[in-house]
Amino acid sequence: MNVITGSGLLNLAGRSLCCGLLATSLSACNDHHHSSHSNDAQPATLTLNDSTAPQALLQVWYSANDAPQIVSQLTGPADPNYTVGSCLSGGTATPTLDDDNRVTSVTFDQCHDNYGPGFDFLENGILNFVYDNDGNLVKITAENYSKELALGPANEETLSANGVFQLPAGAGSSESYSLDGNLTKVDNTTDERNEINLGFEQFSITGTDNGGDSTVDTGGRILLPESGRYVDLSTGDNGLTIAGTSECPISGTLDLDANDGSYISVLFNGEDHISVTVNGVGQAEQTCDEFLIGIGYPVSPL
């Protein structure tokens, strides 16, 4: 199995982070939607319907494409070329090393690095690292970790992480991973503030390069922040097929199931043939751009 490489889950031609897991509409409901998932951890009811469907699908898009971007920014101290503990402008970063001189944990306490006007870091919290027998980073545990980055007075980014993030293909691949925990990314500019809150329970994604097209398999639970509840996400036995000629999957089905039996299903049936079904009621077929605009994800100009 070859693992896809790139900046996001579905790194197709055209868009920076977006390439497809969400870029579609829903269709075709099957009886399996009303069975299977255990929701013992969800005491309150969450209902998927026409009103909540766009936000739920937008969260899938962010979960698939932005999560690996955030996790990749946790790997720095595990890089042999990384200098831990500089904190040029105050605070501390205390590393623990193993017998092979690899960083296995770092505790940041107001670690501040100011590299001049417009370039400023502040880190807090704990990062723990696990390596395989070949020395590849395969697991990160974050405890109340946060990183604030300032790129000028009007461009700030804050990341935070809590949980366990596993990289079975190594840190060099953002296309196969599993997540249990929470990730947050906040971007502040003079024009707008954008906040992404991601939560995962036994969530995993595996990307496979098929020598042209690629396949993405995913499963687990993702948080819908506005409700504070989780939904089950799956892509079935065959996964989603991604082609470089399309910014959306070209085949496969994506299913979201809530704990009250309500569901959303997205059918990908060729380029720009996307159908959405919400609780058994099908919507009109959409193109990829129509779908992205409908869920509120920015669409880049061609």
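Described in the following lines is the structure provided in the data block. (Residues numbered from 1 in each chain as written. Predicted model: local features only at pLDDT ≥ 70, side-chain atom pairs only at ≥ 80, totals over all residues. Heavy atoms only, no water.)

Within the chain, the secondary structure is distributed over three helices and 14 strands. The buried share of the chain, reckoned over its 302 residues, is 48%. Expressed as a percentage of contacts within the chain between residues at least 6 apart in sequence, the contacts between residues at least 24 apart total 54%. Split by element, the accessible area of the chain, about 13,700 Å² in all, is 46% carbon and sulfur. (Helix = DSSP H or I, 4+ residues; strand = E, 2+ residues; numbered from the N terminus. Buried < 20%, exposed > 50% of the residue type's maximum accessible area, 1.4 Å probe, protein only. Contact = heavy atoms within 4.5 Å. Areas by Shrake-Rupley, 256 points an atom, 1.4 Å probe, with all protein chains shown as cover.)

Here we come to the pairing of strand S11 (residues 251-257). Within S11, five of the seven residues are buried, which leaves the element mostly enclosed by the surrounding structure. The pairing of strand S9 (residues 229-234) with S11 spans three bridges and is classified as antiparallel. Among the inter-strand pairings, serine 234 is bridged to a residue of S11, identified as aspartate 255. In this structure, the hairpin formed by S11 and strand S12 (residues 263-269) is closed by a connection of five residues, where glycine 261 is found at a positive phi of approximately 95°. (Pairing = 2+ DSSP bridges.)

What follows deals with the state of the cysteines. One pass over the full model with this rule turns up two disulfides. Linked covalently through their sulfurs, cysteine 87 and cysteine 111 form a disulfide whose S-S length is 2.2 Å. The S-S bond linking cysteine 87 to cysteine 111 shows a torsion near -110°; that makes this disulfide left-handed. Within this pair, whereas cysteine 87 is found in the loop between helix H2 (67-72) and strand S1 (92-97), its partner cysteine 111 is found in strand S2 (residues 103-114), the two being separated by 24 residues in sequence. Each member of the pair, cysteine 87 as well as cysteine 111, carries the same accessibility label: buried. Through a disulfide, cysteine 248 is tied to cysteine 288; the S-S separation comes to 1.8 Å. Because the torsion about its S-S bond is 75°, the bridge between cysteine 248 and cysteine 288 counts as right-handed. (Disulfide = S-S within 2.5 Å.)

Here we come to a nonpolar patch on the surface. Where nonpolar side chains cluster on the molecular surface, the patch consists of Leu88, Tyr115, Phe119 and Leu151 and spans about 400 Å² of accessible area. Here leucine 88 shows up in the loop between H2 and S1. (Patch = residues over 30% accessible without salt bridge, like charges linked within 9 Å, V, L, I, M, F, W, Y side chains within 5 Å. Salt bridge = Lys/Arg side-chain N within 4 Å of Asp/Glu carboxyl O.)

This model, assessed by the stated rule, comprises five aromatic pairs. Ring centres 5.1 Å apart and planes at 40° place the aromatic pair phenylalanine 200 and phenylalanine 203 in the tilted group. As far as burial versus exposure is concerned, phenylalanine 200 and phenylalanine 203 are alike and both buried. Taken together, the ring pairs connect Tyr115, Phe119 and Phe121 into an aromatic cluster. (Phe/Tyr/Trp six-rings, centres within 6.5 Å; stacked < 30°, edge-to-face > 60°.)

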